[in-house]
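These are the residues of each chain, in order.
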Amino acid sequence: MTDTPTQLFIGGAWLDAADGATMPVDDPATGEILCHIADAGPKDARLAEAAAVQAQEEWARTAPRARSEILRRAYEIIIERTDELAHLMTAEMGKPLAEAGGEVAYAAEFFRWFSEEAVRVDGGAGILPDGRNRMLLSRRPVGPCLLITPWNFPLAMGTRKIGPAIAAGCTMVLKPAPQTPLSSLALAAILQEAGLPDGVLNVVTTSRAGEVCEPLLRGGGIRKLSFTGSTAVGRLLLAQSAEAVVRTSMELGGNAPFIVFEDADLDKAVDGAMLAKMRNMGEACTAANRFFVHHSVAEEFGRRLAERMGALVVGPGTRDGVDVGPLIDRTGRGKVEALVADAVERGARVLVGGRTPEGPGCFYPPTVLTDVSPESRLMDTEIFGPVAAILTFDDEDEVIRRANDTPWGLVGYVFTEGLDRALRVSERLEVGMVGLNTGLVSNPAAPFGGVKQSGLGREGGRVGIDEFLEYQYLAIPVR
Ligand code: NAP
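Throughout, a residue's number is its position along its own chain's written sequence, starting from 1. Under the rules for a predicted model, residues below a pLDDT of 70 receive no local features and side-chain atom pairs below 80 are neither given nor counted, while totals for whole chains, interfaces and linings still include all residues. Derived side-chain values reflect all non-hydrogen atoms in the structure, with water molecules and hydrogen atoms excluded from consideration.

Participant: Help me understand the overall build of the chain in this model?
Facilitator: Helix and strand assignments follow DSSP, with helices taken as H or I runs no shorter than four residues and strands as E runs no shorter than two, numbered in order from the N terminus. Looking only at helices and strands, the chain has 13 helices and 22 strands in total. Radius of gyration here is computed from C-alpha atoms only, and the compact-globule reference equals 2.2 Å multiplied by the residue count raised to the power 0.38. Taking 2.2 N^0.38 as the reference for a compact globule, 479 residues should give roughly 23 Å; the C-alpha atoms of the chain span a radius of gyration of 23 Å, in line with that estimate. Along the three orthogonal principal directions, the C-alpha set of the chain runs to about 75 × 60 × 40 Å. In the chain, which comprises 479 residues, the share counted as buried stands at 57%. Counting only carbon and sulfur atoms, one obtains 51% of the accessible surface of the chain, whose full area is about 19100 Å². Each residue is assigned to one of three classes by its accessible area relative to the maximum for its type, calculated with a 1.4 Å probe on protein chains only: buried under 20%, partly exposed between the two thresholds, exposed over 50%. Under the convention used here, a 1.4 Å probe and the Shrake-Rupley method define accessible areas, while residue burial counts only the protein chains that appear.

Listed below in structure tokens is the structure:
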């Protein structure tokens, strides 16, 4: 903690906020303050924007290989410092150390992946249909970007945006979530050490997100917004981006269905459920939110899931043997408590958990609810906590209709041993990603993203860099 930067990172310099404001960063396992960091205002944001705008032209002209090597070096430094970064992440976010270490590896992988993609950006050339004119297509960085990230994956949500932006030749202003700014500041220091030129990445930590970001989106200097967070905030930022016609990528909320058919392998289904529900304490956009289980296997599935959930050890993420850390804050925990209370009032049975423990920290026990009413609020709200809500179904058409009956469409999980059914159901689900007999879809080499109100665009994979590139077409008549 002692070496972790706590200031703003602007134009390659570490600075206090212009008005000297600071804000606390809390440990969700104890409620204690870890440290104070700079709290940027609109003036600081303008400075960061100016640094990004000034650095853009020269940065766009750097050799793709040079950009690739910076990313590769940063990847190596992150891997070397896995333990240190994992401890930092656990301290500010709460996830158990083993999971934090897993996120460090996942986050680093975006830098390795995009170090490889930086040198593979292609264009095109051709003869136009008239046989006379030629065209030359090249791809250019879109320009200075505003990157806004959430608290649930403090490092990976940053590298998933910074990696392709660096590879494409874009400069950036990053605004991390106020709950988890330390991982982003540590990442900026690593990129500086890896040789990233001044002004290419600027980081503004703030408790005044709206005041800081809106002028940047309306000002004209920022050409691209890449946002990960809730659908409600995404909608607002889309409206703000309209004025200066800022290009947008939106990774928004989810409401994932987890479907277990009567021909599913229940061992796989329960393993998949543990992953899809309990990764990150359920605080993931990909978390299974609605479990639809065929009535013939629902009782056994519920019993086996409750056994596994009940065996998990809850406690501070730094303690050995802990599986489930605290939720991010009291507001997040209050929301989970209210959703469970509402489901129980409407007839749900609690198979395990469901009771908030006494004492400090924002802990909530792994919980399994069965006989959940379709009218329950958690059916159309992201639970964002360790609560599995089980409903039953009778046939395939019915479950597809119910799974699709939501404004979101990020991911769905399907468990069946029948290939025909697996493909048929996957194709009919209105989602950007499907986990087939698996509870984990995230992978830096795959395009991550949703349909409907879960977002616009994709991050990662071969297409991740496209979000940061524009085409330029040259018309060349040949006489
Ligand atoms: P959030 O409340 O939408 O906040 C996300 C980020 O937006 C934070 O940095 C937040 O800062 C900032 N923000 C809020 N209002 C803003 C405004 N008016 N102008 C500019 N920035 C603003 O979401 P969250 O609670 O941090 O994260 C959870 C949500 O993220 C869930 O819905 C989850 O599904 C989604 N998520 C999606 C993905 C994906 O890839 N699809 C991945 C991870 C998470 P402040 O907190 O200071 O307001």
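Participant: Help me understand the packing of helix α12 (residues 396–404) against helix α13 (residues 419–428) in this model?
Facilitator: Helix-helix packing is characterised by the crossing angle of the two axes and by the distance between the axes. Helix axes are fitted only over the stretch in contact, all axes being lines through C-alpha atoms; the angle between N-to-C directions runs from 0 to 180 degrees. Two elements in contact, α12 and α13, have axes separated by 10 Å at closest approach and are oriented at 30°. α12 and α13 meet at a crossing whose hand is right-handed. On α13, the residues that touch Glu396, Asp397, Ile400 and Asn404 of α12 are Arg421, Arg424, Val425 and Arg428. The sense of a crossing depends on the near helix, which, turned anticlockwise from the far helix by less than a right angle, makes the crossing left-handed and, turned clockwise, makes it right-handed. Contacts were defined at the residue level, with two residues in contact if any of their heavy atoms lie within 4.5 Å.

Participant: What exactly am I supposed to notice about the pattern of salt bridges here?
Facilitator: Opposite charge on two side chains permits them to pair, given that their charged atoms come into close proximity. A carboxyl oxygen of Asp or Glu within 4 Å of a side-chain nitrogen of Lys or Arg is what we treat as a salt bridge. Enumeration according to the criterion identifies 31 salt bridges in this entry. In this structure, Asp122 engages Arg139 in a salt bridge whose closest nitrogen and oxygen atoms are separated by 3.9 Å. Of this pair, Asp122 sits in the loop between α4 (97–117) and β5 (124–127) while Arg139 sits in strand β6 (residues 133–141), and the two are 17 residues apart along the sequence. Residue class for Arg139 comes out buried when judged on its relative accessible area of 18%.

Participant: Just to check I follow, could you spell out the packing of helix α2 (residues 64–80) against α4 for this structure?
Facilitator: At a closest axis distance of 8 Å, the pairing of α2 and α4 adopts a crossing angle of 160°. Accordingly, the angle class assigned to the pair α2 and α4 is roughly antiparallel. Of the two elements, α2 crosses α4, and the hand of that crossing is left-handed. Residues Ser68, Leu71, Arg72, Ala74, Tyr75, Ile78 and Ile79 of α2 pack against Val104, Ala105, Ala108, Glu109, Phe111, Arg112, Phe114 and Ser115 of α4. As a working rule, the residues Ala, Val, Leu, Ile, Met, Phe, Trp, Tyr, Cys and Pro are called nonpolar, Asp, Glu, Lys and Arg charged, and the rest polar, with Gly in that last group. Of the residues contributing to the contact of α2 with α4, the split by class is 10 nonpolar, 2 polar and 3 charged. An angle below 35 degrees is read as roughly parallel, one above 145 as roughly antiparallel, one from 65 to 115 as roughly perpendicular, and any other as oblique.

Participant: Looking at this model, I keep getting lost on the sheet that holds strand β16 (residues 387–393). Mind explaining?
Facilitator: To summarise the sheet geometry, strands pair through backbone hydrogen bonds and adopt either a parallel or an antiparallel arrangement. One bridge is not enough; two strands pair if DSSP finds at least two bridges between them. If you walk across this open sheet you meet the 7 strands as β14-β15-β16-β13-β12-β18-β19, and the pairing is mixed. Each of the sheet's edge strands pairs with one partner strand only, and the pair in question is β14 (349–352) and β19 (433–436). In this sheet, adjacent strand axes meet at a mean angle of 25° when their direction is disregarded. Of the pairings in the sheet, the one linking strand β15 (residues 367–370) to β16 comprises 3 bridges and is parallel in character. Within β16, the residue paired with Thr367 across the bridge is Val387. Running at roughly 140° to β16, α12 makes contact with β12 (256–260), β13 (288–294) and β16 of the sheet.

Participant: Would you explain the site of the ligand in this entry?
Facilitator: We call a residue near a molecule or strand as soon as one heavy atom of that residue lies within 4 Å of the molecule or strand. In the neighbourhood of the ligand, 30 residues make up the surrounding shell, with Thr149, Arg160, Ser230, Leu252 and Glu382 lying closest. Relative to its unbound accessible surface of 890 Å², the ligand loses 86% to contact with the protein. Put simply, the parts of the chain that give the shell around the ligand at least two residues each are α5 (156–168), α7 (209–219), β10 (224–228) and α8 (231–243). Along the lines of polarity and charge, the residues of the shell around the ligand split into 18 nonpolar, 8 polar and 4 charged. Each domain's extent is set by a domain assignment, obtained either automatically or from a database. Summarising the domain contributions, the shell around the ligand has at least three residues from each of domain 1 (8–252 + 454–475) and domain 2 (256–443).

Participant: Looking at this structure, how should I read the sheet that holds strand β22 (residues 469–477)?
Facilitator: Pairing within the open sheet is antiparallel, and its 3 strands lie in the order β5-β6-β22. Strands with a single pairing partner mark the edges of an open sheet, and in this sheet they are β5 and β22. Strand after strand, the sheet turns through a mean of 20° between neighbouring axes, direction not considered. Summarising the sheet, β5 and β6 pair through 4 bridges and their orientation is antiparallel. Looking at β6, one finds that Ala125 is bridged to Leu136.

Participant: I tried to follow the domain arrangement of the chain on my own but got confused; where do I start?
Facilitator: Interface size is commonly expressed as the accessible area that is lost once the parts come together. As far as domains go, the chain holds domain 1 (8–252 + 454–475) and domain 2 (256–443). Relative to domain 2, the C-alpha centre of domain 1 lies at a distance of 31 Å. The interface of domain 1 with domain 2 comprises 21 residues on the first partner and 29 residues on the second. Buried area adds together the accessible area that both of two parts lose upon being put together, with accessible area traced by a 1.4 Å probe. Regarding the contact of domain 1 and domain 2, the summed buried area is about 2000 Å², with carbon and sulfur atoms giving 60% of it. Between N or O atoms, a polar contact is any pair within 3.5 Å; within protein, one atom must be a potential hydrogen donor and the other a potential acceptor, and residues adjacent in sequence are included only when both atoms are from side chains. Remark: the boundary between domain 1 and domain 2 carries 9 residue pairs in polar contact (both at pLDDT 80 or more). Looking at the side of domain 1 that touches domain 2, the elements that each hand over two or more residues are α3 (82–93) and α4. Here the side of domain 1 that touches domain 2 is built from residues that sort into 9 nonpolar, 8 polar and 4 charged.

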